[in-house]
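A look at the structure
What follows is each chain in one-letter form.
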Amino acid sequence: MASTTTPPIEAAAPAALAPAKPKKQPYPFWLGGVAATIAASITHPLDLTKVRLQASGDKRMIQSIKKTYSTAGVRGLFDGISGTWLRQMSYSMCRFWAYDESKKILGAGPDAPAWKLAAAGSMAGGIAGLIGNPGEIVMVRLQGDFAKPPEKRFNYKHCFDALFRMVREEGVSSLGRGVTPNVFRAVLMNASQLASYDFFKAELLKTKYFDDNIMCHFTASFAAGTVATTVCSPADVLKSRIMNASGPGSNSTLGVIRASMKADGPMFMFKGWVPAWTRLQPTTILIFLTLEQLKNGVDFSRSKGFTFL
């Protein structure tokens, strides 16, 4: 009987390994600062009005805008624009960078819970509020100057003149004026604005009504702007009043609170809420819409082989 031999079983060919997806490069750290600068330049007249309502005797938003226009024309609506640029390219650039780094430290991914995003935003706000304090002072003083009587004006020529004169006339310590309420406000702002934008965007994308496009970005940023305005109003008012003051004893946070409570009552903390919302809402929308488009531009340039971004 012929013997039968079982043919050797051939080893299964290894499945073709899918090429590993290259890790996405981080976006340039300065992207958030550029987006914020573009947005703040467009909404500067509203920010100017908000500061003057908080720090001067102006009572109503429209009244304040008319007053500025009647005394200085259209150009007057852009008083202190160099201070706004300095502030955005220091404070805002730092906060977006620090927020991304803080999310990495905390492990806050795309589906992170709100508290983890808020914690990352708070960390970023503390860092950015400290680093951006000089730019914040310069912006507030340049914007509020023409609302004061002529004898009380600083008469700075531009943001760098303001920095040099502050150091020369008031000492280096003047760059830290109002740093406590400013850092506090920055923590609140970033915990509410940046974190809520990421949270709302993630929640919208979970529904069947939104894709990752401009409509989703607009809706998420609109909600984030409302949340941020309400949360930040008290610290924003204190910051403006302290930074716009000068002279011995005028940088005491408790002193400003007592004086403001006596003059305006406890609702002084929400003075200028409407112009603050009117300013922050379009600013928030413009920041995130611009940032998302800048990111798309970076992705496009990289896909074409340009590596400078």
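In its Subcellular location (unreviewed entry) section, the UniProt entry covering the protein chain states "Mitochondrion membrane". The UniProt entry for the protein chain carries the following comment under Sequence similarities (unreviewed entry): "Belongs to the mitochondrial carrier (TC 2.A.29) family."

**Quick notes on the packing of aromatic side chains**
Taken as a whole and assessed by the stated rule, the structure comprises seven aromatic pairs. With 6.4 Å between their ring centres and 90° between their planes, Phe222 and Trp277 make a pair best called edge-to-face. Taken together, the residues span a long stretch of sequence, with Phe222 in helix α9 (residues 214-243) and Trp277 in helix α11 (residues 273-303) at a distance of 55 residues. Ring-pair connections join several aromatic residues into one group, and the members of that group are Phe218, Phe222, Trp273 and Trp277.

**Some thoughts on empty space enclosed by the protein**
Under the criterion given, the structure shown has four cavities of 30 Å³ or more. Put simply, the largest cavity is a space of about 90 Å³. In terms of lining residues, the largest cavity is bounded by Arg87, Gln88, Tyr91, Ser92, Arg95, Arg185, Met189, Gln193, Arg279, Leu280, Thr283 and Ile287. For the lining of the largest cavity, the elements supplying multiple residues, two or more each, are α4 (81-106), α8 (179-205) and α11. With five residues, the top contributor of residues to the lining of the largest cavity is α4. Tallied by class, residues from the lining of the largest cavity come to four nonpolar, four polar and four charged.

**Looking at the nonpolar core**
Residues Phe96, Tyr99 and Leu117 are the most contacted members of the largest nonpolar core, which totals 23 residues. Val140, Leu142, Phe154 and Ala162 belong to the second largest nonpolar core, which has 13 residues in total.

**What about the pattern of salt bridges?**
Using the criterion set out here, one finds ten salt bridges in the structure. Of the charged contacts, one joins Asp198 and Lys103 as a salt bridge, the two residues approaching to 3.0 Å between their closest N and O atoms. Of this pair, Asp198 sits in helix α8 while Lys103 sits in helix α4, and the two are 95 residues apart along the sequence. By relative accessible area, Lys103 is classed as buried at 18%. A salt bridge links Lys206 to Glu203; the shortest N-O distance between them is 3.1 Å. What makes Lys206 exposed here is its relative accessible area of 55%. With a relative accessible area of 34%, Glu203 lands in the partly exposed category. Residues joined in a network through salt bridges with shared partners are Arg141, Glu170 and Arg177.

Definitions and cut-offs
Residues numbered from 1 in each chain as written. Predicted model: local features only at pLDDT ≥ 70, side-chain atom pairs only at ≥ 80, totals over all residues. Heavy atoms only, no water. UniProt positions renumbered as here; feature names shortened; annotations may be inferred. Phe/Tyr/Trp six-rings, centres within 6.5 Å; stacked < 30°, edge-to-face > 60°. Helix = DSSP H or I, 4+ residues; strand = E, 2+ residues; numbered from the N terminus. 1 Å grid on protein atoms, 1.4 Å probe; cavity = no way out; pocket = protein on both sides within 12 Å on 5 of 7 lines; lining within 4 Å. Points joined across faces, edges and corners; volume = space filled by probe spheres on them. Nonpolar A, V, L, I, M, F, W, Y, C, P; charged D, E, K, R; others polar. Core = buried A, V, L, I, M, F, W, Y, C linked by side-chain atoms within 4.5 Å. Buried < 20%, exposed > 50% of the residue type's maximum accessible area, 1.4 Å probe, protein only. Salt bridge = Lys/Arg side-chain N within 4 Å of Asp/Glu carboxyl O.

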